[in-house]
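# A look at the structure
Each chain, letter by letter, is given below.
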Amino acid sequence: MLYLPVFDVIDVGYRYWWFPVVFLVFLGLILGELFLRKIISSWKPSRFRKWYFYSGTGFCMLWSLQSFYGTYSDYAELRRALQEGKTDVVEGKIENFIPMPYSGHSMESFTVAGRKFEYSDYTVTAGFNKTSSHGGPLSPGIQVKIYAVGNKIARLEIAK
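What you see is a predicted model; the values in this text were computed from it and never measured. (Residues numbered from 1 in each chain as written. Predicted model: local features only at pLDDT ≥ 70, side-chain atom pairs only at ≥ 80, totals over all residues. Heavy atoms only, no water.)

### A look at the environment of Arg155
Selection criterion: Helix and strand assignments follow DSSP, with helices taken as H or I runs no shorter than four residues and strands as E runs no shorter than two, numbered in order from the N terminus. Contacts: residue pairs with any heavy atoms within 4.5 Å of one another. Whenever a nitrogen or oxygen atom comes within 3.5 Å of another N or O atom, the pair is scored as a polar contact, on the condition that within protein one atom can donate a hydrogen and the other can accept it, and that pairs from neighbouring residues in sequence are kept only if both atoms are in side chains.
Among the structural elements, Arg155 can be located in strand E6 (residues 152–159). Sequence separation of Arg155 and Tyr52 is 103 residues, and the distance between their C-alpha atoms is 45 Å. Residues within four places of Arg155 in sequence aside, it is in contact with Pro5, Phe7, Asp8, Leu82, Lys145, Ile146 and Tyr147. Separated by 2.4 Å, the side chains of Arg155 and Asp8 make a polar contact.

As structure tokens, this is what we get:
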């Protein structure tokens, strides 16, 4: 049977680079305020301002580092498993398909050859997560070939 790839973590790359960057922007704003305040020589920071600066700086740095580590390690794990052939290959028709509502608030799920998969557009993951309600390619009864690590889909192919 001929399969066409619709998702491959290697081809897609690291998609969630923006997630840690958001708090780096906040960190830049905090440091920018400190720089401007230093220029104004008469500025004497209150205890609250000092606390705000140190806690805000620490929080933004920790959030950025943790979110980069979490998102990039997820991507690197899936990519490495796919490259090294260490994924489970599941092939068959999609059964028990439960689409996610357009507004979210639940996961889209289905089973293939008795194995259940769940995902959502609103979940930060390196794996496949494009739901049918937001233009995803999956629907009940179609033949698929899935390369998975646990519940994460590293590569998805649909039969032609």
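There is more to say after this.
### Quick look at helix H3 (residues 47–83)
Here is the rule: To estimate the expected span of a helix, count its residues, drop one, and scale the result by 1.5 Å.
Taking 1.5 Å of rise per residue, 37 residues should cover 54 Å, and H3 covers 53 Å from first to last C-alpha, within 8% of that figure. Gly85 sits one or two residues past H3 and shows a positive phi near 70°.

### Observations regarding the packing of helix H2 (residues 18–39) against H3
Note the cut-off: Whenever a helix is involved, its axis is fitted only over the stretch in contact; in every case the axis is a line through C-alpha atoms, and angles between N-to-C directions fall within 0 to 180 degrees. For classification, angles of less than 35 degrees are called roughly parallel, those exceeding 145 degrees roughly antiparallel, those between 65 and 115 degrees roughly perpendicular, and all remaining angles oblique. Helix crossings are classified by the rotation of the near helix relative to the far one: an anticlockwise turn of less than a right angle makes the crossing left-handed, while a clockwise turn makes it right-handed.
At a closest axis distance of 8 Å, the pairing of H2 and H3 adopts a crossing angle of 155°. Taken as axis vectors, H2 and H3 run roughly antiparallel relative to one another. Both H2 and H3 take part in a crossing whose hand is left-handed.

### Thoughts on the confidence of the model for the chain
Threshold: Per residue, pLDDT measures the predictor's confidence, with a range of 0 to 100.
When pLDDT is averaged along the chain, the result is 91, and 98% of the positions lie at 70 or above. The weakest mean pLDDT in the chain belongs to H2 at 83; the strongest belongs to strand E5 (residues 143–149) at 98.

### Concerning H2
Note the threshold: Accessibility here uses a 1.4 Å probe with only protein chains present; expressed as a share of the type maximum, an area under 20% marks a residue as buried, one over 50% as exposed, and anything in between as partly exposed. The arc in question is the one spanned by the directions pointing from the helix axis to the C-beta atoms.
In a regular helix each residue adds 1.5 Å, so 22 residues correspond to 32 Å; H2 covers 31 Å between its end C-alpha atoms and thus fits that length. Along H2, the residues that are buried comprise Pro20, Phe23, Leu27 and Ile30. The buried residues of H2 occupy an angular sector of 80° when projected down its axis, which confines them to one face. The exposed residues of H2 that point more than 90 degrees off its buried face are Leu29, Phe35, Leu36 and Ile39. Looking at the buried side of H2, the elements it contacts are H3.

### Some words on the nonpolar core
What counts, and what does not: Here, nonpolar core means buried Ala, Val, Leu, Ile, Met, Phe, Trp, Tyr and Cys residues that are tied together by side-chain atoms lying within 4.5 Å of each other.
Ranked by internal contacts, the top residues of the largest apolar core, which has 24 residues, are Val9, Phe110, Leu138, Val144, Ile146 and Leu156. Of all the elements in the fold, those that place two or more residues in this core are H3, strand E2 (88–98), strand E3 (108–112), strand E4 (115–119), E5 and E6. The next biggest cluster of nonpolar side chains, apart from the first, holds five residues, and it includes Phe23, Ile30, Phe53 and Cys60.

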